[in-house]
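This is what each chain is made of:
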Amino acid sequence: MSDLPIRPDTPCVAVCSTTFDEICRGCGRTVVEVAHWVAMTAEQKEVVWQRILAQGYPRRNT
């Protein structure tokens, strides 16, 4: 059993935009993280989750 927190399958909130940089304005992931999300391990995903939550993501209406 893993000690990782229980998280949704993805941080995606269907507010996808990388118009101005390489970071999605909805979920906070980089373009590379979005593209590789399904192949990432639970530990790799948790690292991303911790970063985006610390940065105030996911955001639904920004």
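As the structure is a prediction and not an experimental result, all values here were calculated from the model.

*Asks:* Got a minute to help me understand unusual backbone geometry in this structure?
*Replies:* Most peptide bonds take the trans form, and the phi angle of most residues other than glycine is negative. Between Tyr-57 and Pro-58 the backbone carries a cis peptide bond, its omega angle lying at -10 degrees. The residue Pro-58 is located in the segment after helix H2 (42-54) in this model. Unlike most non-glycine residues, Ala-14 shows phi in positive territory, near 60 degrees. The residue Ala-14 is located in the segment before helix H1 (31-36) in this model.

*Asks:* Is there a simple way to think about the pattern of salt bridges in this case?
*Replies:* Opposite charge on two side chains permits pairing when their charged atoms draw close. Per the stated rule, a full pass over the model turns up 2 salt bridges. In this structure, the salt-bridge partner of Glu-46 is Arg-7, at a minimum N-O distance of 2.7 Å. Here the residue Glu-46 occupies a position in helix H2, and Arg-7 occupies one in the segment before H1, the gap between them amounting to 39 residues. Since its relative accessible area comes to 28%, Arg-7 is described here as partly exposed. With a shortest N-O distance of 2.8 Å, Glu-33 and Arg-51 are connected by a salt bridge. Remark: Arg-51 occurs in helix H2 and Glu-33 occurs in helix H1; sequence separation between them is 18 residues.

*Asks:* In this structure, what is going on with the packing of aromatic side chains? I would like to understand it.
*Replies:* For any pair of aromatic rings, geometry is given as the distance between the ring centres together with the angle between the planes. Per the counting criterion, the structure on display carries 0 aromatic pairs. A cation over a ring is seen here: Arg-29 above Trp-37, with NZ or CZ 4.9 Å from the ring centre. Above the ring of Tyr-57, the side-chain terminus of Arg-59 is found at 4.1 Å from the ring centroid.

*Asks:* Please clarify how the environment of Ser-17 should be interpreted in this entry.
*Replies:* Residue placement: Ser-17 occurs in the segment before H1. On a C-alpha basis, the gap between Ser-17 and Val-31 in space is 9.8 Å, while along the polypeptide they are 14 residues apart. At 3.2 Å, the side chain of Ser-17 forms a polar contact with the side chain of Thr-19.

Conventions used here
Residues numbered from 1 in each chain as written. Predicted model: local features only at pLDDT ≥ 70, side-chain atom pairs only at ≥ 80, totals over all residues. Heavy atoms only, no water. Helix = DSSP H or I, 4+ residues; strand = E, 2+ residues; numbered from the N terminus. Salt bridge = Lys/Arg side-chain N within 4 Å of Asp/Glu carboxyl O. Buried < 20%, exposed > 50% of the residue type's maximum accessible area, 1.4 Å probe, protein only. Phe/Tyr/Trp six-rings, centres within 6.5 Å; stacked < 30°, edge-to-face > 60°. Lys NZ or Arg CZ within 6 Å of the ring centre and 35° of its normal. Polar contact = N/O pair within 3.5 Å; in protein donor to acceptor, adjacent residues only side chain to side chain.

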